[in-house]
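Descriptive structure summary
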Amino acid sequence: MPKAKKSGKRKKFDYSRDRKKLKKQTFKKYNPRIENTQIRNAWDDNKSTTRNLQEMGLAFDPNRTLPIAKNSLLGEDKVTKAPVGIVTKPYVVNQLQEEADRPEKDSKTLSSDLMEYVQYMMREHGDDFKAMARDEKNYYQDTPKQIKRKIIEYQRCHKEHYDAFVQALAAPPVQ
């Protein structure tokens, strides 16, 4: 029986491969960085991924955790049992639940140029969006709907500024 063609060939060292880079790549592949701080702090490198998540009360495979009843042809339903693990680190789930319950802070802001643009348009034209679209300061040739959207966005992102600005517009000029 014939041998494989290159089985007897002598192995040569590949000088073009960066061994340091290869080591880093394999380390990254087998020990990935866990982004979530609660899970990262409770993680045990000596245990498998499944075992770690099971101890934290989390699911590695949702199909095994929440099985679906399978209908057989005979009419009997087979219910597969989910593996029951002992949760030794319940504080991880509690911390994740607390984090999920916290309201998300809206961090979107508008540029100062856009804020000045919106204030100028409102100061000059009030609620007349068509006049705003025809204004000479409308450099980007925004349509009335686009300008209206920008005003609504300004109102949503900077509520206090918008309210103060509207009150200043409504107040009679001081003489």
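Please refer to the structure placed before this passage.
Residues numbered from 1 in each chain as written. Predicted model: local features only at pLDDT ≥ 70, side-chain atom pairs only at ≥ 80, totals over all residues. Heavy atoms only, no water.

A few points about the side chain of histidine 158
Note the cut-off: Comment: elements are numbered from the N terminus, with helices defined as DSSP H or I runs of at least four residues and strands as E runs of at least two. Relative accessibility under 20% of the residue-type maximum defines a buried residue, over 50% an exposed one, and the middle range a partly exposed one, all with a 1.4 Å probe and only protein chains included. The contact definition used throughout considers only heavy atoms, calling two residues in contact when any of these lie within 4.5 Å.
The residue histidine 158 is located in the loop between α8 (144–157) and α9 (159–170) in this model. Accessibility expressed as a relative area gives 13% for histidine 158, which makes it buried. Ignoring anything within four residues of it in the chain, the contact list for histidine 158 reads Thr109, Leu110 and Met115.

Quick word on the packing of aromatic side chains
Selection criterion: Centres within 6.5 Å are what make two rings of Phe, Tyr or Trp a pair, Trp counting through its six-membered ring; a difference in plane orientation under 30 degrees is then read as stacked, over 60 as edge-to-face, and the rest as tilted. Sitting over a ring, as applied to charges here, requires NZ of Lys or CZ of Arg to be within 6 Å of the ring centre and within 35 degrees of the ring normal.
Counting across every chain of the model gives two aromatic pairs. Judged by centre distance (4.9 Å) and plane angle (70 degrees), the rings of phenylalanine 13 and tyrosine 15 are edge-to-face. Its relative accessible area of 73% is what places tyrosine 15 among the exposed residues. A centroid spacing of 5.9 Å and a plane angle of 80 degrees characterise the contact between tyrosine 154 and tyrosine 162, whose relative ring orientation is edge-to-face. Each member of the pair, tyrosine 154 as well as tyrosine 162, carries the same accessibility label: buried. We note lysine 137 situated over the ring of tyrosine 120; from NZ or CZ to the ring centre the distance is 5.4 Å.

Overview of unusual backbone geometry
Even without being glycine, glutamine 141 reaches a positive phi, approximately 50 degrees. Mapping glutamine 141 onto the fold places it in the loop between α7 (129–134) and α8.

Section: the packing of helix α6 (residues 112–125) against α9
A pair of packed helices is captured by two measures, namely the crossing angle of their axes and the spacing between those axes. Test applied: Axes here mean lines fitted to C-alpha atoms, for a helix over just the part in contact, with angles spanning 0 to 180 degrees between N-to-C directions. For this classification, under 35 degrees means roughly parallel, over 145 means roughly antiparallel, 65 to 115 means roughly perpendicular, and everything else is oblique. Take the far helix as your reference; a near helix turned counterclockwise from it by less than a right angle gives a left-handed crossing, and one turned clockwise gives a right-handed crossing.
Between α6 and α9, whose axes approach to 11 Å, the crossing angle comes to 25 degrees. Compared by their axis directions, α6 and α9 come out roughly parallel. Of the two possible hands of crossing, α6 and α9 adopt the one that is right-handed. Residues Met115, Gln119, Met122 and Arg123 of α6 form the contact with α9, whose own contacting residues are His161, Tyr162, Phe165, Val166 and Leu169.

Considerations on the pattern of salt bridges
One side chain can pair with another of opposite charge once the charged atoms of both are near each other. Selection rule: Only one rule defines a salt bridge in this text: a Lys or Arg side-chain nitrogen within 4 Å of an Asp or Glu carboxyl oxygen.
The tally for this structure, following the rule as stated, stands at six salt bridges. Here lysine 89 and glutamate 55 are joined by a salt bridge, their closest N and O atoms 3.9 Å apart. Taken together, the positions of lysine 89 in the loop between β2 (77–78) and α5 (90–101) and glutamate 55 in helix α3 (residues 49–56) put the pair 34 residues apart, joining distant regions of the chain. Grouping residues by exposure puts lysine 89 and glutamate 55 together as buried. With a closest N to O distance of 2.8 Å, arginine 156 and glutamate 153 form a salt bridge. Highlighted residues: arginine 156 and glutamate 153, both in helix α8, separated by three residues, approximately one helical turn. Through salt bridges with shared partners, a single network forms among Asp44, Lys47, Glu55 and Lys89.

Quick look at the nonpolar core
Filter applied, for reference: The set of buried Ala, Val, Leu, Ile, Met, Phe, Trp, Tyr and Cys residues whose side-chain atoms join them within 4.5 Å is what this entry labels a nonpolar core.
Grouped together as the largest cluster of nonpolar side chains are 13 residues, with contacts concentrated most on Val118, Met122, Ile151 and Tyr154. Those elements giving two or more residues to this core turn out to be α6, α8 and α9. When residues of this core are assigned to their parent elements, the largest contribution, five residues, is made by α6. Excluding its chain neighbours within four sequence positions, the residues that come into contact with isoleucine 151 are Val118, Met122, Phe129, Met132 and Tyr162.

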